[in-house]
Amino acid sequence: MSKVLVMDQNLANKIAAGEVVEKVVSVVKELVENSIDAEATDIKIELVDSGVKEIVVTDNGVGMDKEDAVLCFSRHATSKLKTLDDLFNIDSLGFRGEALPSIASVSNTILQTSNGKKGTEVEVNGGNIENVRHLDLPQGTKIRVKNLFYNTPVRLKYLKNLYVELANVVEYISKMALSYPSIRFNLLNNGKSILYSDGSGNLLKAISRVHGIDVAKKMIPISGDNEDYKIEGYISYPEKARSNRSSITTFVNNRLIKNNELNKIITDCYHTYIPATKYPIVVINIEVDPILIDINIHPTKMDIKFSKIDSLKELLSNLIITQLESRNLIPEIEIDDNTQNKSIELIAQEMNNDKVPVEKEYETLEEVTLDFDVKEEPMDLNDAISSIEIIPVAEEKEEVVEKTNRIKKMYPVGLVHGTYIVAENEDGMYLIDQHAAAERINYEKYLKKMGTHDNHMQDLLIPLKIELSSQEYLILKEKMDKLIELNFEVEDFGINTIIIRSHPYWLPEHALEEAIRKMIDIIISEKEFDPYKFTEKVAITLACKMSIKANDHIELPAMEDLLERLRNTDNPFTCPHGRPTIITYSKYELEKLFMRSMEK
Ligand code: ZN
Ligand code: ZN
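Structural notes, computed from the coordinates. (Residues numbered from 1 in each chain as written. Chains lettered and ligands numbered in written order. Predicted model: local features only at pLDDT ≥ 70, side-chain atom pairs only at ≥ 80, totals over all residues. Heavy atoms only, no water.)

Section: unusual backbone geometry
Keep this limit in mind: Helix and strand definitions here come from DSSP, where helices need a minimum of 4 consecutive H or I residues and strands a minimum of 2 consecutive E residues; each element is numbered from the N-terminal end. For every residue, the accessible area obtained with a 1.4 Å probe (protein chains only) is divided by the maximum for its type, and the residue is called buried under 20%, exposed over 50%, and partly exposed between those limits.
Even without a glycine there, the phi angle at Asn253 is positive, about 50°. Relative to the helices and strands, Asn253 is located in the loop between strand 13 (248-252) and strand 14 (255-257). For Asn487, which is not glycine, the phi dihedral falls at a positive 75°. Counting through the fold element by element, Asn487 comes out in the loop between helix 16 (480-485) and strand 22 (489-494). Residue class for Asn487 comes out buried when judged on its relative accessible area of 17%.

Observations regarding the coordination of the zinc ion (ligand 1)
As a benchmark, a tetrahedral metal site with four donors has ideal angles of 109.5 degrees, while an octahedral site with six donors has ideal angles of 90 or 180 degrees. To keep it simple, the criterion reads: A donor here means any N, O or S atom no more than 2.8 Å from the metal (3.2 Å for Na, K and Ca); water is not included, so a site may seem to lack partners.
Surrounding the zinc ion (ligand 1) are the protein donor atoms His435 (NE2), Glu439 (OE) and Cys544 (SG), which sit 2.0 to 2.3 Å from the metal. For the zinc ion (ligand 1), the donor residues sit on a single chain with the sequence spacing H-x3-E-x104-C. Here the zinc ion (ligand 1) and the zinc ion (ligand 2) are spaced 3.9 Å apart, with Glu439 acting as a shared donor. Of the two residues, His435 sits in helix 14 (residues 434-451) while Cys544 sits in helix 18 (residues 531-546), which places them 109 residues apart along the sequence. The class of His435 is buried, set by a relative accessible area of 11%. Residue Cys544 is classed as partly exposed on the basis of its relative accessible area of 28%.

Examining the sheet that holds strand 10 (residues 192-198)
So the rule is basically this: Pairing between strands requires that DSSP locate at least two bridges from one strand to the other. To get an axis, fit a line to the C-alpha atoms, keeping to the stretch in contact for a helix; angles then go from 0 to 180 degrees between the N-to-C directions. Only heavy atoms enter the contact rule, under which two residues are in contact if any of them lie within 4.5 Å.
Across the sheet, 8 strands lie side by side as 7-6-5-8-3-2-9-10; this open sheet has mixed pairing. Taken across any chain shown, the strands that pair with only one partner, and hence form the sheet edges, are strand 7 (128-135) and strand 10. For this sheet the average axis-to-axis angle between neighbouring strands, irrespective of direction, equals 10°. With 6 bridges connecting them, strand 2 (residues 42-48) and strand 3 (residues 54-59) associate as antiparallel partners. Residue pairing for strand 3: Leu47 is matched across the bridge by Ile55. Where helix 7 (residues 162-179) meets the sheet, it contacts strand 2, strand 9 (184-189) and strand 10, and its direction lies at approximately 170° from that of strand 9.

Remarks on the packing of helix 17 (residues 512-525) against helix 18
Quick note on the threshold: Note on convention: the crossing is left-handed when the near helix lies turned anticlockwise from the far helix by less than a right angle, right-handed when the turn is clockwise. Here the term charged refers only to Asp, Glu, Lys and Arg, the term nonpolar to Ala, Val, Leu, Ile, Met, Phe, Trp, Tyr, Cys and Pro, and the term polar to all other amino acids, Gly among them.
Relative to each other, helix 17 and helix 18 sit at 145°, their axes nearing to 10 Å. Note that helix 17 runs across helix 18; the crossing there is right-handed. Here Glu514, Ala515, Lys518, Met519, Ile522 and Ile523 of helix 17 come into contact with helix 18, specifically with Phe534, Lys537, Val538, Thr541, Leu542, Lys545 and Met546. Classifying every residue of the contact of helix 17 with helix 18 gives 8 nonpolar, 1 polar and 4 charged.

With respect to the environment of Arg440
Tracing the sequence through the fold places Arg440 in helix 14. We classify Arg440 as buried; its relative accessible area is 3%.

Details of the sheet that holds strand 12 (residues 229-236)
Taken in spatial order, the 5 strands make up an open sheet running 11-12-15-13-14, and their pairing is mixed. Edge positions in the open sheet fall to strand 11 (219-225) and strand 14, since each of these has one partner strand only. The mean angle between the axes of side-by-side strands here comes to 20°, regardless of whether they run parallel or antiparallel. Strand direction decides the pairing type here: strand 13 and strand 14, joined by 3 bridges, are antiparallel. When the sheet's bridge partners are listed, Phe251 is paired in strand 14 with Leu256. Helix 7 contacts strand 13, strand 14 and strand 15 (282-288) of the sheet and is inclined by roughly 55° relative to strand 13. Contacts from helix 8 (residues 203-211) reach strand 11, strand 12 and strand 15, with the element oriented near 45° to strand 12.

Considerations on the coordination of the zinc ion (ligand 2)
Taken together, Glu439 (OE), Cys575 (SG) and His577 (ND1) make up the protein donors of the zinc ion (ligand 2), found 2.0 to 2.4 Å from the metal. Between the donor residues of the zinc ion (ligand 2), the gaps in sequence give the motif E-x135-C-x1-H.

What to know about the pattern of salt bridges
Pairing is possible between side chains of opposite charge, provided their charged atoms come close. Selection rule: Whenever Lys or Arg places a side-chain nitrogen within 4 Å of a carboxyl oxygen from Asp or Glu, that contact is recorded as a salt bridge.
Throughout the structure, instances matching the rule amount to 22 salt bridges. Between Asp228 and Lys308 there is a salt bridge, with its nearest N and O atoms 3.1 Å apart. With a gap of 80 residues between them, Asp228 in the loop between strand 11 and strand 12 and Lys308 in the loop between strand 17 (302-306) and helix 11 (309-324) connect regions that are remote in the sequence. For Asp228, a relative accessible area of 13% gives the class buried.

Here we look at the pairing of strand 10
When a strand is regular, its side chains alternate between the sheet's two faces. Of all 7 residues in strand 10, 5 are buried, a share of seventy percent or more. Sheet topology places strand 9 next to strand 10; 6 bridges connect them, and they run antiparallel. Opposite Asn186, over in strand 10, you have Tyr196 as the bridge partner. Taken together, strand 9 and the strand that follows it, strand 10, pair antiparallel across an intervening segment of 2 residues, in which Asn190 is found at a positive phi of about 45°.

Here we look at helix 10 (residues 260-269)
Definition in use: It is the directions from the helix axis to the C-beta atoms that the arc portrays. Polar contact criterion, stated in full: a pair of N or O atoms within 3.5 Å, where within protein one must be able to donate a hydrogen and the other to accept it, and residues adjacent in sequence count only if both atoms are side-chain atoms.
Listed in full, the buried residues belonging to helix 10 are Leu262, Asn263, Ile265, Ile266 and Cys269. All buried residues of helix 10 lie within an arc of 155° about the axis, which places them on one face of the element. Residues Asn260 and Lys264 are exposed on helix 10 and point more than 90 degrees away from its buried face. As for helix 10, its buried residues are in contact with strand 13, strand 14, strand 15, strand 17 and helix 11. Structurally, the start of helix 10 carries an N-cap: the backbone nitrogen of Glu261 is 3.1 Å from a side-chain oxygen of Asn259.

As structure tokens, then:
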């Protein structure tokens, strides 16, 4: 019997509901997923002009016989699954049997395939099968899609510029390389290699191919489970944060998914470790009984709903926070002597930054040649990768330091530009941003004090009159209870004025009015009052206000005190805005910089 089964009409309709082919990446996705379903271990993706002119996907999978090779171009045929229930339970990726006929209907497609016995070539133009013949071919499948949308000019116009189309493909193949470290992926555009993964089965190696070796060196393995979920993967040191959300790659039962709740759990763990506008690099797989997830099928994106999200949150947060709280996170200044290690991400980013007219007509595409400078693969990546230590989680105990004093004692030697404390110890030299450091100390102090519900109040000998604008006054009158909850004794004095008779004891005496005004500002501007967010905002704002500034010249004893207090914070590495507080030059890097080994 034919391997291709005619799909249940219901499923066909559900799937056909979404537009399947709209971008180059949707074609690449369909072809690559077919290759993976065919058990390929080597998949080559060659594009001409970002795939707008030509997309060729070659694999070493099981291939097809003549009957299937022809049948796969007919509508509603799929070899992949029979009912909707199969969607998440089977290993198959593709569930859009619709896509290949759709692709063939808007392009010139040539399929060459062999099951190892006989080879077949099928030529389809605009959906019409024009030629079927036998050919001697190696086992596997090669599909060439030329002139996408040549017969539907309206849709051709919707293709974005070449850079965007290519960037989407790069992102997709990157995710696939991370998802299938055992499959070798090779992506080329106009003959230039863009992404190459070696198919060694090593996830960390795949990460180094996608994000660069420097990133791979700063990835932390995580692994753990509870009664509902099992999680495995890598998270990055905060210093490797990216400005693009796509740095977070999540799989559920090895299937790539995008889920906002999940992304939020991850970014929340990095709160204050990185700026709010940045994202950590994360690659994790979550194993779960399919009963606990709800699939929202859309042909172009994969979202699911977790029915036990709290259980997932508890496990995942725990795994990430435990790692972040137990490591020395001081970014080390390394002198980059291998500038060739440009990550794919960076290349794609640079491409996107280039200004190319968005509405390029097809005729003029030829003139635009993509020329981003990817160095020849595989370079000396392999040597570099082998230097990455892959430490199983269980053996990592020695790297984990106690939460208190995660940083060794540092001895200040002076101040640079009135801003940076220079310090040293036996491991190297440190630069500490004095404002960021003080801010971290004060932030944790305020956060703790506000959280203790200690209702000690400080009475004011002379009550403090605070005048507001009439608008502020009106809003604040509605929210007066918030001030009372915070242990203020407050009175409405009328005429846009309130009177503070006593305040929480921890407010800084020397800048009382300023601090109270800041708090009022936050109360007024907060639309929906979330006590946690409020506390957090107040703590950050007060910490920033009350901390020494750049150009405040402090003496050595004050520096020593600041460094000691910083060492004793929960997270001495970043300020509450996610900026680094300390950077370091290791003794080794310093010696390298001054080429001291020359004289040895
Ligand atoms: Zn600040
Ligand atoms: Zn800050």
